[in-house]
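Results of the structural survey
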Amino acid sequence: MEIEIKNCNNIETGKIEITKDKLNLKFGINGTGKSTITRALQLKVDSPEKLKDLLPFKYRDTETEIIPEIVSSEEIKSILIFNEEYLNQFLFKEDELISNSYEIFIKTPEFQQLTLQIEQLLSDIKKVFSENEKLDMIISDFESLSKSFTTTQTGLSKTSALYKGLKEGNKIAHVPEVLKGYSKLIKNKDCVSWLDWQSKGEQFMEISDDCPYCTSATVDKKETIKSVSTYYNKTVVKNFNVIIDALNNLGEYFSNDANTTLKTITEKQTGLDDSEMNYIVVVKQQIDDLLTKLRSLKNISPITFSSDEKVEQKLKDLIINIELFDRLKADKTVEIINSLNQSLNTVLEKVGVLQGEVSKQKNLLKKLIEKHQQSINSFLSNAGYKYTVEINNNTNDYKLLLKHIDSNETINGGNQFLSFGERNAFSLVLFMYEALHKKPDLIVLDDPISSFDKNKKYAIMHMLFRGKSADCFLNKTVLMLTHDLDPVIDTVKILKEFNNLSVASFITTSNGILEEKEIRKGNLLSFAQICKKALESDLDDIVKLIYLRRHFEIINDLGDEYEVLSNLFHKREKENCKDQRKEIGNDAMSELAFNNGIIKIKEEIQHFDYDSTLASIKDVGYLKELYANATNNYTKLNVFRLIYDANLNQLPNVLRKFINETYHIENELICQLDPNDYNSIPDFIIDDCDKYIIESN
C-alpha cells in the first residue's frame with residue numbers, strides 16, 4: 001500500500017510504502033516528519049476537512065492555493081493511533097486504568113455469540129414486555145406511588161407525600177368553610193399554579209389595602225386571602241395530586257376492595273388513623289415486592305445468572321404467586337402475571353439447554369479474565385514493573401484495576417502514582433487490547449518505545465507482536481514510526497522470531513522531499529564492518545583514514561598506527577609527531593614507532609603517504625572541495641571538523657557538541673546503519689556547516 005503525502009507541514013512531497021499484515025518500521029531522525037505522517041493519516045481517515053490545518057507555514061500568507069493532501073493506493077476505512085494524545089485522552093481514569101474495559105477485554109465474538117444464544121432462550125419473557133406497551137408505564141406509575149408511600153420501621157413516614165397530604169384530611173375534596181369562595185380554583189387540576197400565583201401576590205398586601213393585581217379594595221378580605229397559604233402548601237398539593245393521579249391510573253390493577261379502601265382513605269375529611277396507615281404500609285409492601293419481580297423479569301439477561309447459581313432455581317424464584325398480592329389481585333394484574341409465569345414455564349421447559357449455555361459463558365468469562373490478567377501481569381513482571389492488574393466485576397461493570405505488588409489496595413487514578421515510563425508502558429499494552437477490540441485497518445505507533453531501556457523495549461515488543469495472532473499485533477497492519485534504531489536492529493537482524501513478520505526502512509526529509517530506503521539485515525553493521533566497507537570503497541583517502549582511526553579506537557588497538565593517524569589529523573610534521581603513550585615533556589614519537597605505524601596503515605591503504613596526505617589536510621581549499629563533493633552528511637561533518645579543527649571553540653555550542661560528541665566512537669551502537677548509505681545527520685547541522693564554509697571563503 002503506497003501512501004503519498006503533499007504539502008503537510010515540513011513534507012512538501014513524498015511517498016512511503018506500508019506492507020499489509022506486517023509490522024512496518026520507519027526509522028528516522030528527529031525533524032523527519034514522523035508525527036506529521038501520523039497526523040496526516042489520522043485526518044485523512046477521521047476528519048478530511050481538517051487536513052488544511054497541516055498547510056506549511058510558508059504558504060499561509062500567500063495567495064497561491066496550496067492544498068495539503070494524503071493519498072493511499074488502498075482505502076483505509078479505520079485507523080487507531082498510539083501517541084501522547086491517546087495516552088492523555090483515554091487512559092488512567094479515576095476508578096479504572098482504561099475506559100470500556102468490558103468492551104475491550106470481555107466482549108469477544110465468542111462471548112457475544114453465547115450472549116445471543118442465551119437471549120434467544122429468554123426471548124419468551126422479553127416478548128411479554130414488548131407486546132404489552134403499557135407495562136413500562138405501569139411499572140413507572142407503581143414506582144412513583146411507592147416513593148410517595150415512604151415507610152419507616154414503625155409504619156408510614158410522617159415525611160411522606162401521602163401523609164403530608166392527608167394529615168388533616170383531604171382539603172382539596174373538603175375545602176375549609178372560610179375558603180369556600182375559592183372552591184373552583186382549589187379543586188381545579190391547575191390549582192398548584194394558582195396557589196403559586198396567589199402566594200406571590202400576598203407579600204404585596206402589606207404595602208397597600210388594594211389588591212396587588214386589580215387594585216380593588218381588600219380591607220375586608222385580607223385575612224381570608226392570607227388563610228389560603230395557611231391551609232394549602234403548593235408543594236404538598238402538587239405531590240398529593242400526583243399520588244391521586246397514580247392511584248386513578250393504576251385503579252384497574254388494584255382489587256375492588258383495595259380501590260374502595262384507598263378511595264375512602266384519600267378522600268377523608270379528617271386525618272389518618274393507625275389502621276389506615278397500616279393498610280397503606282401493606283399496599284406499599286405488595287407494590288414493592290411486585291416491582292422487584294417485574295424489574296427482574298424485564299431486565300433478565302445472561303448476566304442475571306451468577307456462576308454458582310442453578311438456572312432452574314433462579315427462574316422458579318421469579319414466578320409470581322398472585323395469592324401473595326391480595327391488594328393487587330385485579331383481572332388486569334392477574335392477566336399480566338399469568339402471561340409472565342407462562343413465559344417462565346416455557347423457558348423452564350428448555351432449562352437444560354439454557355443451563356448449558358450459561359455455564360459455557362461463565363467458563364469463557366473466567367478464562368478471558370484469567371488470560372488477560374496473566375498476559376498483562378506477565379509483561380509487567382518481565383519488564384520489571386512492580387504492579388499487577390485485576391479485572392474486577394462490580395455489578396456486571398467490568399473494570400481493569402491497578403495494584404502495587406506490596407499492597408492489596410486498588411490504586412485510583414494511575415497518573416499520580418506512575419512514572420512517565422510506567423504510564424507509557426501501560427498505555428501501549430492497553431492500546432493493543434483496544435486495537436484488537438476495534439480491529440482498525442491501520443494501527444499507527446508514533447515513537448512508542450524510544451524512552452525505555454533495552455530490557456523494557458524487548459518486553460514491550462514481545463507483548464505487542466509475539467503471541468497468538470488473536471492476542472497481539474501479529475499479522476496486523478502496523479506502522480511504527482521511531483527515531484530509535486533498537487527495534488529495527490531487534491526485528492531485522494537479531495530476533496529470528498520476527499523473520500518475515502516485519503519490514504523496515506529509513507525515512508528522511510531534505511528540502512521538503514520525503515524519501516525512504518529499505519533496511520535489510522545486511523544494512524545493519526558493526527562499526528568495524530562499516531570501517532572495513534569504507535576502506536574498500538572509492539572514498540577519498542582522507543575520509544578512509546578517518547574511518548581507519550575510528551576502527552583502531554573501537555577495537556582498542558591504540559598502537560603505533562593509531563598514533564601516526566592522531567598526529568596526521570592534528571596536522572603535525574613528521575619531526576613534530578608526539579606519542580600519547582609517553583609522559584608529557586618526553587613524548588616525541590620515535591622514528592621506529594612512526595615507521596611501524598606507516599607499515600600498519602599501508603596494510604589497509606597501500607598507497608598511503610604521510611607527507612602528501614598531510615599537505616592535503618593542511619590545504620583548506622582542498623578540504624572545502626572535498627566537503628562540497630561529499631555525497632552524504634556524515635562525510636561532510638567529518639571533513640568540516642578537519643577544516644575547523646583549530647577553531648572549534650568558536651562554533652556555537654550545539655554545533656560543536658554535535659561534531660565532538662554525537663558521533664564520537666563511544667556513542668556508536670553495536671549495530672548501526674552505514675552513514676554513507678543512510679543520511680542520518682540532520683540537515684540543519686549541515687546547513688550551519690555550509691554557512692561557516694561560505695563565510696570563510
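Our subject is the structure that appears above.
Residues numbered from 1 in each chain as written. Predicted model: local features only at pLDDT ≥ 70, side-chain atom pairs only at ≥ 80, totals over all residues. Heavy atoms only, no water.

A few words on the environment of T261. For T261, the location among the structural elements is in helix α12 (residues 256-266). It is 8.8 Å that separates the C-alpha atoms of T261 and Y279, two residues lying 18 residues apart in sequence. (Helix = DSSP H or I, 4+ residues; strand = E, 2+ residues; numbered from the N terminus.)

Attention now moves to unusual backbone geometry. The backbone of N7 sits at a positive phi, close to 55°, despite the residue not being glycine. Backbone geometry at N9 places phi at a positive 50°, although glycine is not the residue there. As for its placement among the helices and strands, N9 is situated in the loop between β1 (2-8) and β2 (11-17).

This part covers helix α5 (residues 123-131). Every buried residue of α5 is accounted for by I125, V128 and F129. Angular distribution of buried residues about the axis of α5 spans 90°; they occupy a single face of the element. Projecting away from the buried face of α5 at angles above 90 degrees are the exposed residues S130 and E131. If you follow the buried residues of α5, they end up packed against α6 (135-148), α13 (274-298) and α15 (331-348). (Buried < 20%, exposed > 50% of the residue type's maximum accessible area, 1.4 Å probe, protein only. Arc of directions from axis to C-beta. Contact = heavy atoms within 4.5 Å.)

Sheet strands pair by backbone hydrogen bonding; their relative direction is either parallel or antiparallel. Taking strand neighbours across the sheet as the criterion, the nine strands line up as β4-β1-β2-β14-β13-β3-β12-β11-β5 in an open arrangement whose pairing is mixed. Looking along the sheet, the strands with just one partner apiece sit at the ends: β4 (69-72) and β5 (79-82). Neighbouring strand axes in the sheet, compared pairwise and without regard to direction, differ in orientation by 20° on average. Relative to β2, β1 is paired through six bridges, and the arrangement is antiparallel. Counted as the bridge partner of I3 is I16 from β2. In the packing of helix α1 (residues 34-46) onto the sheet, contacts are made with β1, β2, β3 (23-27), β4, β5, β11 (442-446), β12 (478-482), β13 (502-510) and β14 (513-519), and the angle to β5 comes to roughly 150°. In this fold helix α19 (residues 486-494) packs onto β3, β12, β13 and β14, with an angle of close to 135° to the strand it touches most, β3. (Pairing = 2+ DSSP bridges. Axes fitted to C-alpha atoms, helices over the stretch in contact; angles between N-to-C directions.)

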